[in-house]
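The chain contents come next:
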Amino acid sequence: MSRGEMESLGWDSCDIILVTGDAYIDHPSFGMALIGRLLEAQGFRVGIISQPEWNSADAFRKLGKPNLFYGVTAGNMDSMVNRYTSDRKIRSDDAYTPNAEPNKRPDRAVTVYAQRCREAFPGTPVIIGSIEASLRRIAHYDYWSDKVRRSVLPDSKADLLVFGNAERAIVEIAHRLAKGEKISEIRDLRGTAFMVPPGWVPGEDWAVMDSSEVDTPGPLVQHKDPYAMEESPAKSDCASASTAGKPTEQTIRLMPRAERLAARRDLRAHTVVRLPSYEQVQDDPVLYAHASRTFHLESNPGNARALVQAHGERDVWLNPPPFPLSTEELDGVYESPYARRPHPSYGDAKIPAWEMIRFSVNIMRGCFGGCTFCSITEHEGRIMQSRSEDSVIREIEEMRDKTPGFTGVVSDLGGPTANMYHLKCKDEKIESACRRLSCVYPDICENMHTDHAPLISLYRRARAVKGVKRITIGSGLRYDLAVRSPEYIKELVQHHVGGYLKIAPEHTEEGVLSKMMKPGIGTYDRFKQLFDRFSREAGKEQYLIPYFIAAHPGTQDEDMLNLALWLKKNNFRLDQVQTFLPTPMALATTMYHTEKNPLKKLQRDGGEIVGSVRNGAQRKLHKAFLRYHDPENWPLLREALKKMGRIDLIGNGKKQLVPAWQPAGTGLKAAAMVARDARAAAKTPSSGASTGKHVANTGRPGERRPSGPQRSGSRPAAADRRSPGSFGKPSGQQNKKRKP
């Protein structure tokens, strides 16, 4: 962090300098600390530059020139999601900064930091990583500028991009650079991306496949059948005469199955799939959706091929994703000698993100749910990586002994989800060949191992640790998996629920859920029955906290109305609610931008059209339906119900959604919005919005969209579920302030 610390260690220089947009917290939940400790264990001298002043290169020179490379990350969150709300308004605080001070990082921090590193010491290798770099490794739709942007590689001018589980790659890069290898020669590591000249391939034995051969984006020219029996072309008049009327002889060799499979694997390992270029996907929504679909089909490290995408006169090359870390490797990563607290230079400053996780333990990585709005799968992968029970117990004991303020309460044992610990495919061969985008949608795969016994065992052993009084589960629960293991639900409900349990139905309507790749609401009902039953048996009054998303692609006004009626019927009054935020590379973002469904075969003419809720007024309406009980929303909802022909839902009855009366001094903003829309509708009486139906936006990139500051940010995925999001409470329950 400082020259003084380097001198106290006897260092005259650092081998590697890591730059982060977060405050430096030496805890395994923070990626910069995790990578720093890992490299330190390999014998490298690692320096940290945290939240540097980015308007000049001076702050990037404070530790001197790194001997090997700069490693650049925006932090634990995407910088745009961190800084802006889903309505493109700047946030007033930053949970990853001392005292939650805002504006301590730039927009698109990875790009800015990498450029400053280049300026600080030209010629020094720059490697970018983290979720921000991972989700921008190819051309992507950017919600904040409302356009398709290039890969972060050409914009940042970085030498390498590492994505996914980067531990193996970053360690090997460090060792190879230390041996004198040039970074421009490191081209064979999984989980890395880089710029290359057009047509570059690693060797002569490589083949290039057009992405249309993986998935056809509309009608293509029919190619000749290579297996058709045809006469061979005449070599000479004599030969032609001698073979006239006779079929061409072909030699057939029967290849053993093992040999065929080996040849097929070798071919895939030496094949790169060329995606449509940045210039093509920038202007063609169908090709953008096709590129997105192809990218996700090539995401299983067991069978994924390399990808390449042209950006002007150069190509972005992506090697296949990294293989998951083994349990032993993951244990080693999480058991480095972390201080488990913020850097001393912050003094008594409060860092909300640290306060939230200081007494929690990560037990796994990845998610095989495949929710289309979520970023975890694209970053950490679908194959679960779980720590050993012994490793988790050791971390609980270390937290008990080293973390200031520990009172015996462990706030979470989880990860991206609460209950995928040691869940995996029953057969590694099936897993390596699978190309499904989700292991649990439309139903749980028959090959998925769903036994929660390892997690139950971990809970019981963790509760028995000396000094531990209570363990709560703060990660979101995957309830469709939990219902397969009633014993787990009983263990969870009777010992690890602190009054409320978070789950995420996201919606109630099948059409919307199919675009999210989420189970039907009937699965929630089955889980609730078991939850209530085991709560009663334990003599506890406990409640479920459901998360819902407003304005997700494919959502109509009627869908949100039905969700609101379901909430009222089930006596839910949501506190903080969430509007859909299109994050780079997510499949739901593709739906939002292109209005095509990448979950299905794409067609240029016809096919499924997915409506995008783009209009600001409609997004506010969908959010208002989730907070039907708030008088501030009643004018907006009454006007919408009239347009939808549902005036029967306005009144004071139990089955009616909003009352006809308005408390004094409330709903002024909503009433003004209704009046403004009415005036606009009077000027344009043919407006589709007047019908109250969802009207799919048909605007293409480059057309003007609703005005407003180009800013946003919100929870993109399960990864950000610990930040403020939807928070449900049953009627009559007092609202409690959520932790950040």
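Just so it is clear, the model here is predicted, and its values are computed rather than measured. (Residues numbered from 1 in each chain as written. Predicted model: local features only at pLDDT ≥ 70, side-chain atom pairs only at ≥ 80, totals over all residues. Heavy atoms only, no water.)

Caption draft 1: Spotlight on the overall build of the protein. Across its full length, the protein carries 26 helices and 27 strands. In the protein, which comprises 740 residues, the proportion classed as buried is 57%. Pairs at least 24 residues apart make up 76% of the contacts formed inside the protein by residues separated by at least 6 positions. (Helix = DSSP H or I, 4+ residues; strand = E, 2+ residues; numbered from the N terminus. Buried < 20%, exposed > 50% of the residue type's maximum accessible area, 1.4 Å probe, protein only. Contact = heavy atoms within 4.5 Å.)

Caption draft 2: Highlighting the packing of aromatic side chains. By the definition in use, this model includes 19 aromatic pairs. Among the aromatic residues, those joined into a ring-pair cluster are Tyr479, Tyr524, Phe527, Phe531, Phe548, Trp566 and Phe572. For Arg614, the ring lying beneath its charged end belongs to Tyr592, and the centroid distance is 4.3 Å. (Phe/Tyr/Trp six-rings, centres within 6.5 Å; stacked < 30°, edge-to-face > 60°. Lys NZ or Arg CZ within 6 Å of the ring centre and 35° of its normal.)

Caption draft 3: Here's a closer look at a positive patch on the surface. Residues Lys89, Lys620, Lys669, Arg676, Arg679 and Lys683 make up a contiguous surface patch of positive charge. Per element, the largest residue contribution to the positive patch is four residues, and it comes from helix 26 (residues 668-683). Inspection of the secondary structure assignment puts Lys620 in helix 24 (residues 616-626). What makes Lys620 partly exposed here is its relative accessible area of 41%. (Patch = residues over 30% accessible without salt bridge, like charges linked within 9 Å, V, L, I, M, F, W, Y side chains within 5 Å. Areas by Shrake-Rupley, 256 points an atom, 1.4 Å probe, with all protein chains shown as cover. Salt bridge = Lys/Arg side-chain N within 4 Å of Asp/Glu carboxyl O. Lys, Arg positive; Asp, Glu negative; His and termini not counted. Charge placed at Lys NZ, Arg CZ, Asp CG, Glu CD.)

Caption draft 4: View of the pairing of strand 3 (residues 46-50). Here strand 3 lies mainly inside the structure; five of its five residues are buried. Here strand 3 shows a buried face lined by Val46, Ile48 and Ser50 and a second buried face lined by Gly47 and Ile49. In this structure, strand 1 (residues 16-20) lies alongside strand 3, joined through five bridges in parallel fashion. Each residue of the ladder has a partner; that of Val19, found in strand 3, is Ile49. (Pairing = 2+ DSSP bridges.)

Caption draft 5: Local environment of the nonpolar core. Among the nonpolar cores identified, the biggest contains 156 residues, and Ile396, Leu413 and Phe527 are the most heavily contacted of them. Those residues in contact with Leu413 that lie beyond four places of it in its chain are Val361, Ile363, Val392, Ile396, Ala418, Tyr459, Ala462, Ile471, Thr472 and Ile473. Among the nonpolar cores identified, the runner-up in size contains 43 residues, and Ala57, Ala109, Phe295 and Leu318 belong to it. (Core = buried A, V, L, I, M, F, W, Y, C linked by side-chain atoms within 4.5 Å.)

Caption draft 6: Examining the packing of helix 2 (residues 31-41) against helix 7 (residues 167-178) more closely. Two elements in contact, helix 2 and helix 7, have axes separated by 10 Å at closest approach and are oriented at 45°. As far as their axial angle goes, helix 7 and helix 2 are oblique. You can see that helix 2 and helix 7 cross each other, and the crossing is right-handed. Contacts between helix 2 and helix 7 involve Leu34, Ile35, Leu38 and Leu39 from the former and Glu167, Ile170, Val171 and Ala174 from the latter. Of the residues that constitute the contact of helix 2 with helix 7, the class distribution is seven nonpolar, no polar and one charged. (Axes fitted to C-alpha atoms, helices over the stretch in contact; angles between N-to-C directions. Parallel < 35°, antiparallel > 145°, perpendicular 65-115°, else oblique. Left-handed = near helix turned anticlockwise from the far one by under 90°. Nonpolar A, V, L, I, M, F, W, Y, C, P; charged D, E, K, R; others polar.)

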